[in-house]
There are 2 protein chains.
Amino acid sequence: MSATISPLAPKSYPDMPSLRGVRMATAAAGIKYKSRTDVLMMVFDEPAAVAGVFTKSKCPSAPVDFCRSNLSHGVARTVVVNSGNANAFTGVKGRAATELTAKSASEAVGCGENEVYLASTGVIGEPLDATKFAGVLGDMHKTATGDFWLEAAKAIMTTDTYPKVATRTAEIGGVTVTINGIAKGAGMIAPDMATMLSFVVTDADISAPVLQNLLSAGVEPSFNSMTVDSDTSTSDTLMLFATGAAAKDGQAQIVDAKDPALASFRDALNALLKDLAIQVARDGEGATKMLEITVTGAETDAAAKTIALSIANSPLVKTAAAGEDANWGRIVMAVGKAGEAADRDKLAIWFGDVRVAVNGERDAGYSEEAASNVMKGQDIPIRVDLGLGSGKATVWTCDLTKEYVAINGDYRS
Amino acid sequence: MSATISPLAPKSYPDMPSLRGVRMATAAAGIKYKSRTDVLMMVFDEPAAVAGVFTKSKCPSAPVDFCRSNLSHGVARTVVVNSGNANAFTGVKGRAATELTAKSASEAVGCGENEVYLASTGVIGEPLDATKFAGVLGDMHKTATGDFWLEAAKAIMTTDTYPKVATRTAEIGGVTVTINGIAKGAGMIAPDMATMLSFVVTDADISAPVLQNLLSAGVEPSFNSMTVDSDTSTSDTLMLFATGAAAKDGQAQIVDAKDPALASFRDALNALLKDLAIQVARDGEGATKMLEITVTGAETDAAAKTIALSIANSPLVKTAAAGEDANWGRIVMAVGKAGEAADRDKLAIWFGDVRVAVNGERDAGYSEEAASNVMKGQDIPIRVDLGLGSGKATVWTCDLTKEYVAINGDYRS
């Protein structure tokens, strides 16, 4: 948790409603931080359907391994998350720590260990002493309450400068359902590398395979379209739980991902995931600018996304944004290096509504002042049209500042 | 050219011998910089064999297009290089500028336009006014001299803090030959994105196809194993010329890349290319540390190189180096995100001779002090063993500092 709040932080937080079927508690276990909460327990009193997507790292953390192996069971009763230690690259000790936590959680809740989900975020390579919090899970289970979303988001923060919460409602067959979510992360944020963690819960009654379908599709235009520094955590975890409490209002369970009754829910879920993803990008370490990069006219949507991410991850594009420099030459460079089809002489580039380049050269009506004015804003839209096809994609990132270097040059000490 | 010289600069320059068959001149044309040279002309009085490798960017500069189309001719009589403007993304005007320069150069030298080679480095998107220097090429051709390598290297600098030169000798069939090279660049250095340019000349008598074979192989473990910020210029150019003057000493022309008489020359050329590449990495913008990253035990050499570059390009690894933080967790992260086969529990990591991790967890004998001492050095060797096969690779990079952000956040203005 940083002393300074990002200038890109939301001006206010949404009022997070309680959501039937889930309760939460936090604790201050002193894993790494002083005087703050660092453990979150979510409890589903009735079994919740569950879906998850995880880091693509070949060196995943012990909790990621643990969650992956439980997911086929499809049912969740509790989630335990700690900040301050990622339990990653901790070998046999790491597996022992997940086992101890799962055993303690299953005893506290009275469920199977395969109904427990775990996530850890923080320094890697340090053994996690799970005895610090395993003993308090019983008490946490008893005191957990529904009106606790903002506190839950705070307990999982590392170098985040603000907690990230979002809520939406949708209708399924005439019944109103709610989706609440929390997230932490700022790219490869803190202790050492940090992590993007996000937990989303709905009271809708939706089967686990359908949830997984919704989540796997929803992650692409949201969390997978957001980058701070191109580095991929060992611990990235996004989970979606459905308590099914809306069944009491007559909502018929959804068991087919193609069910047209899902339309409103899918839209609401995607909007919520995008909301959380953008909140994470806006809290990028050292960020002072938010870049929304849209690529149109690519051969395919996938090619558009590759090019958009090449722009978003370019240190030279990101430092130019930090310097409020309308340096469109670096956009050309990043398009050129992406490896996807591009025809230099068909390229057009806009900063905001200002077209700065067209047909492979600087726009005849180019105004440095107009382009610079766009760069002075806090939110900078950048658009590239390739003129080749109808593929398009939008991604989000932040600028690269001296503060990023300062934060990451001396984190562990 | 920066006011401050990189702390990683060489302590002294080698004495660059004249090389039979090539003469050079420089001029101050005021393309962008004041009070310094910004045009280099190299002249081969007899036709030289030529080979080149160029940027893989899909949006290459006009001079790169020009050189590529001339290369099949296989003969060079002159090279004209300017700094201060990259003539990239300049559309029709860019092609007109290369045509004017080539015409002026061919008239000055008395050769075909297809025997002219061009390179430009500097700001992109600005039309290059080639009339500023095209008129002086006749004079430059007359005054060009052989003892001018260091001045030649200075004329092509942009944000480089020192000129880069290297020389080697080799034997071909008992005859001593010389190889001289110059380079500029510091990754995607300055004006906007900058460029890696390098020109290497030998007096050996070697046919153009053999030169191309040597250069294409030699670029992989040298310039293609070096990264400053992962950004790829529109203008990267590496050319190798053979004047053939050694034929007068009885050196029989080499026309077969498999000729065993090439062994000494190949070794010398590869050593020179590596020397120049490391000089470029050591002049990375804002650099204070040089990282040599070696990956062993990968499935293949190519996989080892992908992983080594993933480490070298990670902003989190590079900021940790700037902060002298022995943050090996970020090495694990970068291995994990590279996409190549890796087994967390077989991974071992060294900083210098200090093994910090083994078998997927922190080394039992880990000493923070010993690891930190390695990080305090100016040159930091990092080794990762994957324990999977015999693939290996070494790459070079520099750290990521606040100075990099400062340099690149406000270059154009």
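As the structure is a computational prediction, the values presented were derived from the model and not from experiment. (Residues numbered from 1 in each chain as written. Chains lettered and ligands numbered in written order. Predicted model: local features only at pLDDT ≥ 70, side-chain atom pairs only at ≥ 80, totals over all residues. Heavy atoms only, no water.)

Visitor: Kindly report on the state of the cysteines, identifying the contributing residues and their values.
Guide: Residue and element names in this part refer to chain A. If you walk through the whole model with that rule in mind, you get zero disulfides over all chains. Free of any disulfide, Cys 67 has its nearest cysteine sulfur in Cys 111, 13 Å distant. For Cys 67, a relative accessible area of 0% translates into the label buried. (Disulfide = S-S within 2.5 Å. Buried < 20%, exposed > 50% of the residue type's maximum accessible area, 1.4 Å probe, protein only.)

Visitor: So what about the relation of the copies chain B and chain A? Which residues, and what values?
Guide: Once chain B is rotated about the relating axis by 180 degrees and shifted along it by 0.0 Å, it coincides with chain A to within an RMSD of 0.0 Å. The transformation just described matches what one would write down for a two-fold rotation axis. Measuring from the rotation axis to each C-alpha of chain B, the shortest distance belongs to Lys 402 of chain B, at 2.3 Å. Both copies contact each other with a shared surface, as 98% of the interface residues of chain B are interface residues in chain A too. (Least-squares fit on C-alpha atoms with pLDDT ≥ 70 in both. Contact = heavy atoms within 4.5 Å.)

Visitor: I'd like to hear about empty space enclosed by the protein, residue by residue, with values.
Guide: All names here are of chain B. Overall, the coordinates contain six cavities of 30 Å³ or more when judged by the stated rule. Taken together, 13 residues form the lining of the largest cavity, with Asn 82, Thr 101, Leu 118, Ser 120 and Phe 133 sitting closest to its centre. Among the residues forming the lining of the largest cavity, the class breakdown is eight nonpolar, five polar and no charged. (1 Å grid on protein atoms, 1.4 Å probe; cavity = no way out; pocket = protein on both sides within 12 Å on 5 of 7 lines; lining within 4 Å. Points joined across faces, edges and corners; volume = space filled by probe spheres on them. Nonpolar A, V, L, I, M, F, W, Y, C, P; charged D, E, K, R; others polar.)

Visitor: Describe in detail the UniProt feature "binding site: substrate" (unreviewed entry) in chain A, supporting the description with residues and values.
Guide: Residues and elements named next belong to chain A. Under the local residue numbering, the UniProt record ascribes the feature "binding site: substrate" (unreviewed entry) to Thr 158, Lys 184, Thr 195, Glu 285, Asn 408 and Ser 413. Topologically, Thr 158 is positioned in the loop between helix H5 (149-155) and strand E5 (164-172). Exposure remark for Thr 158: the relative accessible area of 0% places this residue in the buried category. Relative to the assigned elements, Glu 285 resides in the loop between helix H7 (263-282) and strand E10 (290-298). In terms of polar contacts, Glu 285 uses its side chain to reach the side chain of Thr 159, at 3.2 Å. (UniProt positions renumbered as here; feature names shortened; annotations may be inferred. Helix = DSSP H or I, 4+ residues; strand = E, 2+ residues; numbered from the N terminus. Polar contact = N/O pair within 3.5 Å; in protein donor to acceptor, adjacent residues only side chain to side chain.)

Visitor: Tell me what's going on with the side chain of Thr 178 of chain B, and back it up with residues and numbers.
Guide: Residue and element names in this part refer to chain B. Here Thr 178 shows up in strand E6 (residues 175-184). Accessibility expressed as a relative area gives 13% for Thr 178, which makes it buried. Contact partners of Thr 178, with chain neighbours within four places excluded, come to Pro 17, Leu 19, Thr 167, Arg 168, Thr 169, Val 201, Thr 202 and Asp 203.

Visitor: Explain helix H2 (residues 91-109) of chain A residue by residue, including any values.
Guide: Residues and elements named next belong to chain A. Taking 1.5 Å per residue, 19 residues should reach 27 Å; H2 reaches 28 Å between its end C-alpha atoms and fits that length. Where H2 is concerned, the buried positions are Gly 91, Gly 94, Ala 97, Thr 98, Thr 101, Ala 102, Ser 104, Ala 105, Ser 106, Ala 108 and Val 109. Looking one or two places after H2, you find Gly 110, whose phi comes out positive at around 75 degrees. (Expected span 1.5 Å × (residues − 1).)

Visitor: Talk me through the environment of Asn 327 of chain A; I want residue IDs and the actual numbers.
Guide: All names here are of chain A. Turning to its location among the elements, Asn 327 is positioned in the loop between helix H9 (315-322) and helix H10 (328-337). For Asn 327, a relative accessible area of 2% translates into the label buried. It is 35 Å that separates the C-alpha atoms of Asn 327 and Leu 238, two residues lying 89 residues apart in sequence.

Visitor: An account of the side chain of Ser 61 of chain A is requested, with residue identities and associated values reported.
Guide: Here Ser 61 of chain A is to be found in the loop between strand E2 (39-54) and helix H1 (62-71). Ignoring sequence-local partners within four residues, the contact set of Ser 61 of chain A consists of Ala 86, Asn 87, Ala 88, Thr 234 and Ser 235 of chain A together with Arg 344 of chain B.

Visitor: So, the interface of chain B and chain A: which residues are in play, and what are the values?
Guide: Facing the 66 residues of chain B at the interface are 65 residues of chain A. Buried area between chain B and chain A, summed over both chains or domains, comes out near 5,300 Å², and the portion from carbon and sulfur atoms is 54%. The interface formed by chain B and chain A includes eight salt bridges. In this structure, Glu 126 of chain B and Arg 362 of chain A form a salt bridge, with 3.3 Å as the shortest nitrogen-oxygen distance. (Buried area = accessible area lost by both parts, 1.4 Å probe. Salt bridge = Lys/Arg side-chain N within 4 Å of Asp/Glu carboxyl O.)

Visitor: Kindly report on the sheet that holds strand E14 (residues 379-385) of chain B, identifying the contributing residues and their values.
Guide: Residue and element names in this part refer to chain B. In space, the seven strands of this open sheet follow the order E8-E15-E10-E14-E11-E12-E13, with mixed pairing throughout. Whereas interior strands pair on both sides, the edge strands pair on one side only; in this sheet they are strand E8 (226-227) and strand E13 (361-362). As defined by bridge partners, strand E11 (residues 348-351) adjoins E14 across four bridges and the pair is classed as antiparallel. Bridged to Phe 351 within E14 is Ile 382. (Pairing = 2+ DSSP bridges.)

Visitor: How would you summarise the pairing of E14 of chain B if you had to cite specific residues and measurements?
Guide: All names here are of chain B. Because side chains alternate across E14, one face comprises the buried residues Ile 380, Ile 382 and Val 384, and the other comprises Asp 379, Pro 381, Arg 383 and Asp 385, none of which is buried. Alignment of strand E10 (residues 290-298) against E14, held across seven bridges, turns out to be parallel. Looking at the pairing, Thr 296 lines up with Asp 385 of E14.

Visitor: Before we move on, can you summarise the domain arrangement of chain A with the specific residues and values?
Guide: Residue and element names in this part refer to chain A. As assigned here, chain A comprises domain 1 (22-282) and domain 2 (290-409). Centre-to-centre separation of domain 1 and domain 2, based on C-alpha positions: 33 Å. Taken together, the contact between domain 1 and domain 2 spans 14 residues of the former and 14 residues of the latter. Both faces combined, the contact of domain 1 with domain 2 buries some 1,200 Å², and carbon together with sulfur accounts for 53% of it. Of all residues in domain 1, the largest losses of buried area upon contact with domain 2 belong to Ser 225, Thr 227 and Arg 282, amounting jointly to 41% of the total for that side. At the junction of domain 1 with domain 2, the criterion picks out two salt bridges. Its salt-bridge partner being Arg 282, residue Asp 379 comes within 2.7 Å of it at the nearest N-O pair. Where domain 1 packs against domain 2, one counts two residue pairs in polar contact (both at pLDDT 80 or more). Looking at the side of domain 1 that touches domain 2, the elements with two or more residues in it are strand E8 (226-227) and H7. Broken down by element, the residue count for the side of domain 1 that touches domain 2 peaks at four residues, all from H7. A per-class count over the side of domain 1 that touches domain 2 returns five nonpolar, five polar and four charged. (Domains from an automatic or database assignment.)

Visitor: Any chance you could break down the pattern of salt bridges for me, citing the residues and the numbers?
Guide: Going through the model one piece at a time under the given rule, you end up with 34 salt bridges over all chains. What emerges from the salt-bridge pattern is a single network uniting Asp 65 and Arg 95 of chain A together with Arg 344 and Asp 345 of chain B.

Visitor: Run through the packing of aromatic side chains, naming residues and quoting values.
Guide: All told, the structure shown has six aromatic pairs over all chains when counted by the stated rule. When the ring of Phe 44 of chain B is compared with that of Phe 241 of chain B, the centres are 4.8 Å apart and the planes differ by 35 degrees; the resulting orientation is tilted. Of this pair, Phe 44 of chain B sits in strand E2 (residues 39-54) while Phe 241 of chain B sits in strand E9 (residues 237-242); the two residues are 197 residues apart in sequence, bridging distant segments of the chain. Given a relative accessible area of 0%, Phe 44 of chain B falls into the buried group. Taken together, the ring pairs connect Phe 44, Tyr 117 and Phe 241 of chain A into an aromatic cluster. Stacked on the ring of Tyr 162 of chain A, the Lys or Arg Lys 164 of chain A has its end atom at 4.4 Å from the ring centre. (Phe/Tyr/Trp six-rings, centres within 6.5 Å; stacked < 30°, edge-to-face > 60°. Lys NZ or Arg CZ within 6 Å of the ring centre and 35° of its normal.)

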